[in-house]
Amino acid sequence: MRDPVRLLILLLVVLGVVLIGFAAGRGGDHHKVKRGERIIALLDGSSLPEARRAALKEKLRAVFPGAEGKKVKRRLHGETIAILEAERFDAEAYRESLDKMFLERQMQKQRVLEVIVEIASELSWEERKALADIFRRSPRFKHLPRTN
């Protein structure tokens, strides 16, 4: 009698661990929303004319890093790592590589910000509040106070 009970308990523990692992793995799926999709959904519900909405959504999609932007980032990162791994360290080349990475990141952010400014300037007050809520929900802006 003891062996079947032990087997059942072991089976339940293994099943519980598997279920917890599955739940933990699925818990992060909501963070895999494509960049800008919440703003695009806001634009879909906005009072802007359809043609203007489509143009703004296209601009927003265009400024987020795609495959080409990721290639540039990987290439710059690879160059920086190669400098660090070299037998003889070249501090000036390392600084230049870091500066390139920083400038590329800043230019990318600036492009996104310009489109966000353009979008926000065309939204109504209620729609801008909804846009602010989208940003407030972002992990980068969790420290901001909630206003209702």
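Below is a short write-up of the structure. Since we're looking at a predicted model, the values are computed, not measured. (Residues numbered from 1 in each chain as written. Predicted model: local features only at pLDDT ≥ 70, side-chain atom pairs only at ≥ 80, totals over all residues. Heavy atoms only, no water.)

1. Quick notes on helix H3 (residues 50-63)
Here is step 1: Taking 1.5 Å of rise per residue, 14 residues should cover 20 Å, and H3 covers 20 Å from first to last C-alpha, within 8% of that figure.
Here is step 2: Every buried residue belonging to H3 is among Arg-53, Leu-56, Lys-57, Leu-60 and Val-63, and all of these are buried. One face of H3 carries all of its buried residues, which in axial projection span an arc of 130°. For H3, the exposed residues lying more than 90 degrees away from the buried face are Ala-51, Glu-58 and Ala-62.
Here is step 3: Buried-residue contacts for H3 involve helix H2 (37-44) and helix H5 (91-122). (Helix = DSSP H or I, 4+ residues; strand = E, 2+ residues; numbered from the N terminus. Expected span 1.5 Å × (residues − 1). Buried < 20%, exposed > 50% of the residue type's maximum accessible area, 1.4 Å probe, protein only. Arc of directions from axis to C-beta. Contact = heavy atoms within 4.5 Å.)

2. What about the pattern of salt bridges?
Here is step 1: Overall, the coordinates contain 9 salt bridges when judged by the stated rule.
Here is step 2: Arg-52 is paired through a salt bridge with Glu-122; the nearest N and O atoms lie 2.6 Å apart. Of this pair, Arg-52 sits in helix H3 while Glu-122 is found in helix H5, placing the two residues 70 residues apart along the sequence.
Here is step 3: Here Arg-52 falls in the partly exposed class, since its relative accessible area comes to 25%.
Here is step 4: On the basis of relative accessible area, Glu-122 is assigned to the partly exposed category, the value being 29%.
Here is step 5: Measuring nitrogen to oxygen at the nearest pair gives 3.8 Å for the salt bridge that ties Glu-79 to Lys-100. Within this pair, whereas Glu-79 is found in helix H4 (residues 67-85), its partner Lys-100 is found in helix H5, the two being separated by 21 residues in sequence.
Here is step 6: With relative accessibility at 44%, the residue Lys-100 sits in the partly exposed group. (Salt bridge = Lys/Arg side-chain N within 4 Å of Asp/Glu carboxyl O.)

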